[in-house]
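So you can see what is in the structure, the chains are spelled out below.
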Amino acid sequence: MVQCEMCGKEVSSPSRVKIEGAELDVCDECTDFGTELKTEDSSSSTSTKYSTSSSGSSGSSSSSSSSSTSSSGGSGRRRDMFDEMDEIAQDFDDQIRSARESKGLSQKELAQQLNEKASLIRKLEQGNSLPSDDVRTKIEKSLGIDLSAGGSTEDEDWSGGESDGSYTLGDVVQRKD
């Protein structure tokens, strides 16, 4: 018997589910909290509980959360919202400011162009607020920039290593002694 990793209930055959980015072995009652994964061997305890790789899904990106609120036997599972989210760049505030200034626009003019408030543009450029998806799309189209984190990485000096174990954490970490 295995314990459900959500509620702790003893189960004989747990289901593999992705919940908020983590892959868990759960009981039938807890499968409603995430997206059920298809696995070859669901009883394997050597697999990692928390996955750092994003298993991209090329399905439809419908975001209706009411489509699967009933637990009707597994046909209409709701999708995990973290699978479809794009990460925003860490320096989005600088990107917005520099793109706006290069176009010769003031914050007020950009806000009027986007049909938003000038205070929102000010908060975004100060880094005090994250743009919502629709505001982000408007800014990207209007200023011709890409605010996704995939475009720029801060670890450009990291060349990686081969997966043969040639690098360890100790090779990379710099101590502050």
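Structure report, in brief.

Reading the values: the criteria
Residues numbered from 1 in each chain as written. Predicted model: local features only at pLDDT ≥ 70, side-chain atom pairs only at ≥ 80, totals over all residues. Heavy atoms only, no water. Buried < 20%, exposed > 50% of the residue type's maximum accessible area, 1.4 Å probe, protein only. Helix = DSSP H or I, 4+ residues; strand = E, 2+ residues; numbered from the N terminus. Arc of directions from axis to C-beta. Contact = heavy atoms within 4.5 Å.

## Observations concerning helix α2 (residues 107-114)
- Inspection of α2 places Leu110, Ala111 and Leu114 among the buried residues, and these make up the whole buried set. One side of α2 holds all its buried residues, which, seen down the axis, span an arc of 100°. Seen from the buried face of α2, the exposed residues on the opposite side, beyond 90 degrees, are Lys108 and Gln112.
- Against the buried residues of α2 lie α1 (92-102), α3 (118-126) and α4 (133-143).
- Where α2 ends, the next residue or the one after it, Asn115, has phi of about 60°, a positive value.

## Some details on α1
- When we look at burial in α1, the residues that qualify are Phe92, Asp93, Gln95, Ile96, Ala99 and Arg100. Here the buried residues of α1 occupy an arc of 165° about the axis, which is enough to place them on one side.
- Elements that come into contact with the buried residues of α1 comprise α2, α3 and α4.
- Once α1 finishes, Gly104 follows within two positions and takes phi at roughly 75°, a positive value.

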